[in-house]
Every structure is written in C-alpha cells, then in structure tokens.
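Next come the chains, spelled out residue by residue.
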Amino acid sequence: MARMKFLCDSERCIDCNGCVTACKNANEVEWGIQRRRVVTLDDGEVGSEVSISVACMHCSDAPCMAVCPTDCFYPTEEGLILHNKDTCIGCGYCLYACPFGAPQFPKQGAFGARGKMDKCTFCAGGPEEDPALEEQKYGANRLKDGKLPLCAEMCSTKALLAGDATEVADIFRERVVYRGHKNGAWGSLNQEPGLTDLAQQAAELATDAARS
Amino acid sequence: MKTCKRNPGWFGLVALLLAGCLLSLPVVAQSQGGPPADARQELMQALPGVTSDYWRDVKGGVSGTTSSTSPGADTLIMVEGETWREWRNNWISPGGLIALGGSASAIFLFWLLVGQVKLDKPRTGRKIERWSRIDRTIHWYVASLFIILAVTGFLLLYAKWFLAPILPNSLWAGFMIAAKNIHNYLGPLFALGLLVMIIKWMRHNVFNRVDLKWFAKGGGIVGKGHPSAGFLNGGEKVWYWLVTFLGLTVVISGLVLDFPNFGQSRETMQTTLIIHAIGALILMAASFGHIYIGTAGTEGAFEGMKTGYVDEAWAEQHHDLWYEAVKHEAISEEELEALKAGQPAAAEAKT
C-alpha cells in the first residue's frame, strides 16, 4: 500500500490560494470552513516573504487521535488520518492538540457550541457506505477513483505535491538536485556563502518588476 | 512618468528570464548525477526568504498572514499543542486514576481496619435540628449535580479506554454526545448552587482555637476520646474550604471552556482544560472521603443531612460544644413527627 503524503515546496508557493479554492470546490464544505489555507510569513517584506499551503498533514503519530475523548479518528492503510463524524462530539480537543490548526468546526449550537469537526481527508472521504452520504458528510472521495487530492492537482506552480510518499520524494529530490546547492531542499541560497549577494540582487530585481 | 519607470524593471526581468532559460538548457540535459547547476539559473527559482531561520520560525510557532478566518489560522505550527497532549495524556489521565483509586482504596482499607465509628452511648431518642430544609436543599442540589458532573467528566477523560471497545459504535456515539451535553449544560447550574452554598455556610467555617486542638488530636481518629468541636469540626471546615477554592477553580475554568464563543485562543483553552481537570480530579478524590464519613463511616451522621435532625447522643459525641449550646432545643420523636405532620404549634406547646 502506498503511504500518502502532502509536501509543499516553499520555493514554489506563490500564495495564489488556488489549492484553497480547489479544496472548497471539490469537497463543498460548509460555510466558514476552510480545510486548507495558505500562510505567508513576513508578508510584504522584500527578501523574506515565504508562503506555505497547509492542511491536515495526516501525521504518523497524530495528536488529534491521541486526545480525542471518543476515539473518532482512525488511520487508513494509506497512512491517512480520517474521522467518524457520527462519533464526534465537537469538544474541540483535536484543535487544541493539532500543530497545524487542521480541525475546523461549524458553529451550530447555542453559546458557541461546536458542530461536528471537519478536516482535510486527503480527498479520501470517510466511513460511510453510501457514496452520496459520504460526499455530503466528508466531501469528495477522489482516491477511490484513482485520483489525487484536488488541491495538489490544481496547484499552478506544482508547489503542493500529494501522493505516494516515495513518488513525492522522488519529484522533490529531482528539484533539489536541479537547484544545485546543498541547501536546495529546505534552505535557500542565503545559506551558501558567496551567493548571498546574487540572491539579494535577484530578489530585488523581481520585486522591482512586480511593483512597476 | 509611470511607464518610464516600468520599462527598466520589465526589461531586466525579461533579460534575466532569457538568460536563465539559455543557461538552464544544457544543465537540464545532463543526468542527475552531473555537476551542480549554475548559480544564476538557481536564482530564477530560489526564494531568498526560504532560509534555516524561516524554518526555525515555522517550528517556533511564528504567526503570519492568511485569508482563513478560523481561529489561530495565521500560525503554521502551534507548538503548545504537543505540551498540552503530554500533560493531558501522560500526567493528568494516569494521575487522576491514581488519585481516585488511591483515595477509594485508602478509605476501603480504613473501613476494614477501623470500621464504622459507632455511637458511644445509646440513642436518647431526642432530636436536635442540625440542617434546615434550605441547607439540605442546597446540599443535595450541589451534591447530585456534583456526582452527575463527576461521572460525565470522568467518562469524557477515560471512557474511550473501557467503554468504546465494548459498545457498538452507534450506542457509543450517542452515549458520549449525551455525556458532553449533560456536562456542559449542568455545569452552570452547579456553579449557581455552589456559590449559594459557599455564601450560606461561610459563617460556620471560620477556623478557631477549638479546631487547632481538634487537629492536634487527629480528629479523634487516632486513640480514644473525641476532641471538642463546635457546629462543624476542623475536618468539615477543611472540606468546606477545599470545596470553596477547588470548586470555584473548577467552576470558573469550566465556564471559560463552556462558552467558546468569546474567541478564547487554543492556548487559553489548553491551560484552562488542565486546571479544570486537575481541580476536578482532586475534588472527586477528596469527595470520596466526605461521602464515606457522612454515610457508612459514622453511625448517625447521615440522618442529619437526610431528615435535618440528629440524635442527642450523636451531637454530644461529635459536636459537644454545639450540643451544649442547643440541647434545650431537643425534641422527642413524637414531637418531631407532629412537627413534620404540620402541627408545629402543638409540638411547641409540649416543650
């Protein structure tokens, strides 16, 4: 069985929010719920602005699963963390434990009581036999049809990769090799002595171009 | 003016793009094991901001900007979550079981070794009013809500380990939804009762010299003879202040958790949940002691909170100073029956 993974290549993400829109459209989530989001650090600061698309990362040791009072989470054979909305009591503990802020709650009850938790399913649906009901409760099940999550499929710069961990790793490794320096994976040219000035110049040039 | 300014920028970019394409072609054609790519080609794709410091910021929980409006969405990694998980799962869960189990087994052992504290003298049959109807109403209102909240709270923390495996999923789901809703909706009602009880009984619970002697004699548990006590003894006063401080802690933290519509952050909720759980578990463990002493542990104690009246013998044995002050109010069982039947005038006439 393939082990499914998301990977967002921060060198490529341009904060277009295409993944966010694709996700919303594929899964038809409730109003106010956003399973995927793009976070930009140092927004607007030349030379240090970086964006990353983030959603449920389907952890190997999932904190949400560890703290859930009703044990509504379950890991699939593909390494995904899915959950059963029938068992969810809307306590919000998964949100308090999750490092990525993945769990989302519709506001349903009185006094701000939370509804059933909703989160990224890696477009793999949920525990429901009836496909119509599954789609209504958990969104698309694209994996069943041999398709990957729509966010990654529609990423215009192919920053967001989704799929079998080894495939994703191969693609990313190839990119790192083409980038051609030892920090090509998780750090930029700034780490390479002597190239810092060049990187700075390139950034300024690109910023000038974008601004004019 | 604007177009003039624009041109050099665009020109630069196009030139750089072209240069990049030209330079990249031979490199791409090479196999992966070939020499490293040209640095200038790398410039075309590299974002200068993606540095080790950037990843350090991400790991450290630095906030950025996002279009998502869900709470805390501007943080990529919320680092406090792991600490909370560790506190809750590795310390509070086992710690609570140790506290509850320890308390219950200590009481059971005490009961086996010492047994019930019997009345020294036979009952006189004359009764003294100890708890008025209002007192008893408040007590049983708070007590029953406490038990319901303790049981549902216990289930929310532990039921997944012993009930989830044996219940069918549909039943389990309904059970836990009920537990959460009962806990959340009865909580504020408990808070009201607790507040009234704390205020109503505060005047009985000021520590004095008599209590010091009572503590020095270990409350009469060790050795023979009962230390003197007023209306309430030192142990009862300790229980009162435990209920006051821990109860208020649990109630205040509970209200913060119960109304998430005021925009509490995840970090606030984590801390509050830890305080709530620790306070509630200590209170539950201590309540076992109160329940034991008030029921099976002491002969003649339970009727005080049940009927409102205690026997003279019990009053003299456990609360001698109070007994001295109120013994003239003692009434016979027949008078008490008459009183309950709604003839207080007749009863008073007899005394």
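From a predicted model like this one, the values you see are computed outputs, not experimental measurements.

Draft legend 1. Summary view of the overall build of chain A. A count of helical and extended segments in chain A gives 7 helices and 6 strands. Along its sequence from the N terminus, chain A presents helices and strands in the succession β-α-β-β-α-β-β-α-α-α-β-α-α. Here chain A, with 212 residues, has 45% of them falling under the buried criterion.

Draft legend 2. Examining the overall build of chain B more closely. Along its length, chain B carries 14 helices and 4 strands. The long-range fraction of contacts in chain B, counting pairs at least 24 apart against all pairs at least 6 apart in sequence, stands at 67%.

Draft legend 3. Region of the structure containing the sheet that holds strand β4 (residues 331-332) of chain B. Residue and element names in this part refer to chain B. Strands sit in the order β3-β2-β4 across an open sheet of 3 strands; the sheet is antiparallel. Looking at which strands have only one partner, the edges of the open sheet turn out to be β3 (309-311) and β4. When strand β2 (residues 126-129) meets β3, the two strands line up antiparallel, connected through 3 bridges. From the neighbouring strand, lysine 127 faces β3, where its bridge partner is aspartate 311.

Draft legend 4. Here's a closer look at the sheet that holds strand β3 (residues 50-54) of chain A. Taking strand neighbours across the sheet as the criterion, the 3 strands line up as β3(A)-β2(A)-β1(B) in an open arrangement whose pairing is antiparallel. At either margin of the open sheet sits one strand with a lone partner, and together these are β3 of chain A together with β1 (65-66) of chain B. Examined bridge by bridge, strand β2 (residues 37-41) of chain A and β3 of chain A share 5 bridges and lie antiparallel to one another. The residue bridging valine 38 of chain A from the neighbouring strand is serine 53 of chain A, located in β3 of chain A.

Draft legend 5. Main features of the nonpolar core. One finds Cys64, Cys94, Ala97, Cys151 and Leu160 of chain A to be the most contacted residues of the largest nonpolar core, which totals 78 residues. When near neighbours in sequence (up to four residues on either side) are disregarded, leucine 160 of chain A contacts Phe6, Cys8, Cys19, Ser53, Cys151, Ala152 and Cys155 of chain A. Of all hydrophobic cores here, the second largest spans 8 residues; its members include Ile128, Trp314, Trp322 and Ala330 of chain B.

Draft legend 6. Just unusual backbone geometry, in detail. Residue and element names in this part refer to chain A. Even without glycine at this site, asparagine 17 takes up a positive phi of about 65°. As for its placement among the helices and strands, asparagine 17 is situated in the loop between β1 (4-8) and α1 (18-27). Backbone geometry at phenylalanine 122 places phi at a positive 60°, although glycine is not the residue there. Along the chain, phenylalanine 122 turns up in the loop between α3 (93-97) and α4 (131-138). A tally of 27 C-beta atoms within 10 Å means that phenylalanine 122 is categorised as buried.

Draft legend 7. Broad picture of the packing of helix α4 (residues 80-113) of chain B against helix α9 (residues 266-294) of chain B. Residues and elements named next belong to chain B. Interaxial distance between α4 and α9 falls to 9 Å at its minimum, and their mutual angle equals 0°. It follows from the interaxial angle that α4 and α9 lie roughly parallel. Two secondary-structure elements touch here, α4 through Glu80, Trp84, Trp87, Arg88, Ile92, Gly96, Ala99, Leu100, Ser103, Ala104 and Ile107 and α9 through Glu267, Gln270, Ile274, Ala277, Ile278, Leu281, Ile282, Met284, Ala285, Phe288, Gly289 and Tyr292. Among the residues forming the contact of α4 with α9, the class breakdown is 16 nonpolar, 4 polar and 3 charged.

Draft legend 8. Spatial organisation of the packing of helix α5 (residues 133-162) of chain B against helix α6 (residues 169-201) of chain B. Two numbers describe how α5 of chain B lies on α6 of chain B: the axes approach to 8 Å, and their chain directions differ by 145°. When the axes of α5 of chain B and α6 of chain B are compared, the crossing they make is left-handed.

Draft legend 9. Main features of the environment of tyrosine 141 of chain B. Residue and element names in this part refer to chain B. Mapped onto the elements, tyrosine 141 comes out in helix α5. For tyrosine 141, a count of 17 C-beta atoms within 10 Å translates into the label partly exposed. In this structure, the C-alpha to C-alpha distance between tyrosine 141 and methionine 78, residues 63 residues apart in sequence, is 41 Å.

Draft legend 10. Geometry of the confidence of the model for chain B. On average, chain B scores 85 in pLDDT, and the residues at 70 or more come to 83%. If you check the scores for this complex, the pTM reads 0.84 and the ipTM reads 0.84.

Draft legend 11. Examining the environment of leucine 156 of chain B more closely. The topology assignment puts leucine 156 of chain B in helix α5. In the structure, leucine 156 of chain B is positioned 102 residues away from aspartate 258 of chain B in sequence and 14 Å away in space, judged by C-alpha atoms. Not counting chain neighbours up to four residues away, the residues in contact with leucine 156 of chain B comprise Pro69 of chain A together with Ala179, Lys180 and His183 of chain B.

The rules we used
- The residue numbers shown here count from 1 along each chain, following its written sequence.
- Labels follow written order: the first chain is A, the first ligand is 1, and so on.
- In keeping with the predicted nature of the model, local features appear solely for residues at pLDDT of at least 70, side-chain atom pairs appear and are counted solely at 80 or more, and the whole-chain, interface and lining totals rest on all residues.
- Per the convention used, a helix needs a DSSP run of H or I reaching at least four residues, while a strand needs a run of E reaching at least two, with both numbered from the N terminus.
- Residues are called buried when their C-beta atom has 20 or more other C-beta atoms within 10 Å, exposed when it has 12 or fewer, and partly exposed otherwise; all C-beta atoms are positioned from the backbone.
- Any pair of residues counts as being in contact when their C-beta atoms, constructed from backbone geometry, are within 7 Å of one another.
- When DSSP finds two or more bridges between two strands, those strands count as paired.
- Only buried Ala, Val, Leu, Ile, Met, Phe, Trp, Tyr and Cys residues enter a nonpolar core, and they are joined through C-beta atoms within 7 Å.
- Axis definition: a line fitted to C-alpha atoms, limited for helices to the stretch in contact. Angles are taken between N-to-C directions and run from 0 to 180 degrees.
- An angle below 35 degrees is treated as roughly parallel, one above 145 as roughly antiparallel, one from 65 to 115 as roughly perpendicular, and anything else as oblique.
- Here the term charged refers only to Asp, Glu, Lys and Arg, the term nonpolar to Ala, Val, Leu, Ile, Met, Phe, Trp, Tyr, Cys and Pro, and the term polar to all other amino acids, Gly among them.
- Rotating anticlockwise by less than a right angle from the far helix to the near helix defines a left-handed crossing, while the corresponding clockwise rotation defines a right-handed one.
- Scored from 0 to 100, pLDDT records how confident the predictor is in each individual residue.

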